[in-house]
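# Residue-level structure breakdown
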Amino acid sequence: GNTLKGASGQIARLPDPQFLAEPPIGQPELETERSQQYIGGIEQNVGSAFFLDLQGYYIDRDNLRQPNNEVDFIDGQAIPRVFDNGGEGYTYGMDLLFRKERSPDSFWYGWIAYTLSRTIRRDTFGLQGLVDDTDTDTEGITNQDADVEEYKSPFDQPHILTIIGQFDLPWGLEFGARFRLVSGNPFTPLDVNEPFQDSDFNAYVSSTDGVELNSDRIPIFHQLDIRLDRTWVYDLWKLTAYLEVLNVYNRSNVEGINYDFRFRERTEVTFLPIVPVLGVKGEF
């Protein structure tokens, strides 16, 4: 049968502790960040062993942390605000789950899960490009006279695909496989403009003129993991031996981007290569 579903709720979270430090590092008066979430969808059994779940969602965020380059004069001292809660954002998308249930008359089960989404931020991070005290493009701009910019969140991942299968084999063996494919996270390219040397800091600084925040992405992530189990069942306990191989085809998935000291050459930081794991587990 079919089941319609819907939900709505509000979630609040404290800022990360490092942003609650005293200026010039953080702002201890930061308030909780909020999000209002809306979900609607349908669940349906397809035959006796298959299950389909489709849902759409929208998340509206406000009170988010954003840079603030104003100052407060307290007891004759200029105290920078550093951050305020003027940021906003939103996420919209859909989740699809197609699952094959485990049953006595079948030797396999598993599921396919796919997420299509977009996550956007609106705050002064986008206006400033890089949040950098040496960014001369933002000097003299205050939060009162600056419009916020809309840009892709650093957590924006439009496509997330997961495929899992588990198979019962002869001789008490069980084989499983998992494939994942995920869009790469956005990042701000620092090598598109000619950098300049800041003599005050004795370091090169990347110019962000005309560079949109989070306008590039690291390469797409994909990986296959497999596992083979053998379980022996006794009266009071059971023993499982397993062989697991992570990243079977040795994909060099990129975790982040580093630059040389002049911001001219990129270096990709990659995840672990192929990793075999052999182990045993006892359950009482």
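Just so you know, these numbers come straight off a predicted model, no measurement behind them.

The next subject is the confidence of the model for the protein chain. Considering every residue of the protein chain, the mean pLDDT works out to 89; 93% of them sit at 70 or more. Residue range residues 129–146 is modelled with pLDDT below 50. Its contacts to residues more than four positions away, or to other chains, number 32 contacts.

Within this structure, the stated rule accounts for 12 aromatic pairs. Among the aromatic residues, those joined into a ring-pair cluster are Phe107, Trp108, Phe167 and Phe175. Sitting over the ring of phenylalanine 83, arginine 65 keeps its end group 4.9 Å from the ring centre. Lysine 100 extends its terminal NZ or CZ atom over the ring of phenylalanine 50, reaching a point 6.0 Å from the ring centre.

Before going further, it helps to spend a moment on unusual backbone geometry. Proline 24 follows proline 23 through a cis peptide bond whose omega is 10°. Examined against the element boundaries, proline 24 turns out to sit in the loop between strand S1 (2–13) and strand S2 (33–46). Although it is not a glycine, asparagine 247 sits at a positive phi angle of roughly 60°. Residue placement: asparagine 247 occurs in the loop between strand S14 (238–246) and strand S15 (254–259). Its relative accessible area of 1% is what places asparagine 247 among the buried residues. The residue asparagine 250 is not glycine, and still its phi comes out positive at about 55°. As for its position among the elements, asparagine 250 is in the loop between S14 and S15. Among the residues examined, asparagine 250 registers a relative accessible area of 40% and is labelled partly exposed.

What follows concerns the side chain of threonine 115. Turning to its location among the elements, threonine 115 is positioned in strand S5 (residues 108–123). Among the polar contacts made by the side chain of threonine 115, one reaches the side chain of aspartate 95 at a distance of 2.7 Å. Apart from residues lying up to four places away in sequence, threonine 115 is in contact with Tyr57, Met94, Asp95, Pro158, His159 and Ile160.

Let us now look at the pattern of salt bridges. Going through the model one piece at a time under the given rule, you end up with 23 salt bridges. The closest approach of N and O atoms between glutamate 174 and arginine 102, which form a salt bridge, is 3.7 Å. Within this pair, whereas glutamate 174 is found in strand S8 (residues 173–182), its partner arginine 102 is found in the loop between strand S4 (77–100) and S5, the two being separated by 72 residues in sequence. Taking the shortest distance from any N to any O, the salt bridge between arginine 227 and glutamate 244 comes out at 3.8 Å. Remark: glutamate 244 occurs in strand S14 and arginine 227 occurs in strand S13 (residues 221–233); sequence separation between them is 17 residues. The class for arginine 227 is partly exposed, based on a relative accessible area of 24%. Each of Lys5, Glu43 and Asp53 takes part in salt bridges that share partners, so that together they form one network.

Relative to the helices and strands, arginine 264 is located in the loop between S15 and strand S16 (266–270). The partly exposed category is assigned to arginine 264, whose relative accessible area is 45%. On a C-alpha basis, the gap between arginine 264 and glutamine 223 in space is 30 Å, while along the polypeptide they are 41 residues apart.

Take the pairing of S8 next. As paired strands, strand S7 (residues 159–168) and S8 are joined by 9 bridges and run antiparallel to one another. Across the sheet, glycine 165 pairs through a bridge with alanine 177, a residue of S8. What sits between S7 and S8 in their antiparallel hairpin is a turn of 4 residues, with tryptophan 171 showing a positive phi close to 65°. When S8 meets S13, the two strands line up antiparallel, connected through 10 bridges.

Turning our eyes to something else, we now look at the pairing of S13. Note on strand geometry: in a regular strand, side chains alternate between the two faces of the sheet. Note that S13 and S14 share 8 bridges and pair antiparallel. Considered in S14, the bridge of aspartate 229 is made with tyrosine 242. With antiparallel pairing between neighbouring strands as the criterion, S13 and S14 make up a hairpin whose turn holds 4 residues.

Conventions adopted
- Residues numbered from 1 in each chain as written.
- Predicted model: local features only at pLDDT ≥ 70, side-chain atom pairs only at ≥ 80, totals over all residues.
- Heavy atoms only, no water.
- pLDDT = per-residue confidence, 0-100.
- Contact = heavy atoms within 4.5 Å.
- Phe/Tyr/Trp six-rings, centres within 6.5 Å; stacked < 30°, edge-to-face > 60°.
- Lys NZ or Arg CZ within 6 Å of the ring centre and 35° of its normal.
- Helix = DSSP H or I, 4+ residues; strand = E, 2+ residues; numbered from the N terminus.
- Buried < 20%, exposed > 50% of the residue type's maximum accessible area, 1.4 Å probe, protein only.
- Polar contact = N/O pair within 3.5 Å; in protein donor to acceptor, adjacent residues only side chain to side chain.
- Salt bridge = Lys/Arg side-chain N within 4 Å of Asp/Glu carboxyl O.
- Pairing = 2+ DSSP bridges.

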